[in-house]
Amino acid sequence: MSARPSHHAGAAGFTLIEVLVALAIIAVTLGAGIKAAGALTNNTQRLVEVTAAQWCAENQLTGLKLSHTFPSVGDAEFSCDQFGTSYKGKQATRPTPNPNFRRVDAQIFNEDDQPVLTLSTILPR
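Source: prediction; values computed, not measured.

Q: I'm lost on the pattern of salt bridges in this one. Help?
A: Where charged atoms of side chains with opposite charge meet at close range, the side chains can pair. With the rule as written, the count across this model stands at 4 salt bridges. Here glutamate 49 makes a salt bridge to arginine 46, at a shortest N to O gap of 3.2 Å. Taken together, the residues span about one helical turn, with glutamate 49 and arginine 46 both in helix H1 (residues 16-67) at a distance of 3 residues. Measuring nitrogen to oxygen at the nearest pair gives 3.1 Å for the salt bridge that ties lysine 88 to aspartate 113. In this pair, lysine 88 sits in strand E2 (residues 85-95) while aspartate 113 sits in the loop between strand E3 (101-109) and strand E4 (115-124), placing the two residues 25 residues apart along the sequence.

Q: Help me understand a nonpolar patch on the surface, please; the structure alone is not making it clear to me.
A: There is a patch of nonpolar side chains on the surface, built from Phe14, Leu16, Val19, Leu20, Leu23, Ile26 and Leu30 and spanning about 750 Å² of accessible area. Looking at the secondary structure, you find leucine 20 in helix H1. Overall, leucine 20 belongs to the partly exposed group, its relative accessible area being 46%.

About the cut-offs
- Residues numbered from 1 in each chain as written.
- Predicted model: local features only at pLDDT ≥ 70, side-chain atom pairs only at ≥ 80, totals over all residues.
- Heavy atoms only, no water.
- Salt bridge = Lys/Arg side-chain N within 4 Å of Asp/Glu carboxyl O.
- Helix = DSSP H or I, 4+ residues; strand = E, 2+ residues; numbered from the N terminus.
- Patch = residues over 30% accessible without salt bridge, like charges linked within 9 Å, V, L, I, M, F, W, Y side chains within 5 Å.
- Areas by Shrake-Rupley, 256 points an atom, 1.4 Å probe, with all protein chains shown as cover.
- Buried < 20%, exposed > 50% of the residue type's maximum accessible area, 1.4 Å probe, protein only.

Just distances and angles here, no functional claims.
Below is the structure:
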């Protein structure tokens, strides 16, 4: 009697179920990675918008400081261009308990008229 080698005992490889489970795990992982990359892109765009708005507000308030004039109480509108985008601004000047000072708020809006940033300062007489 001759002994025949068994091909099933030493078979190597993966079953179809194992391959499908591995593919499902990879698909879930890639989906999470794509979602995270999208969130980073949105955060970067928001950071650029806030930075540009902050520069606009700082420029407006610095211009008031450098003019050495005591601003009158009231509201005014202004605009500013940063990074090729035009931002609308609203300057609100309010009295303080001390009549020798005024509070000035510079609020910046994006192209959709959504508020992006508000910066405040106190100006002396």
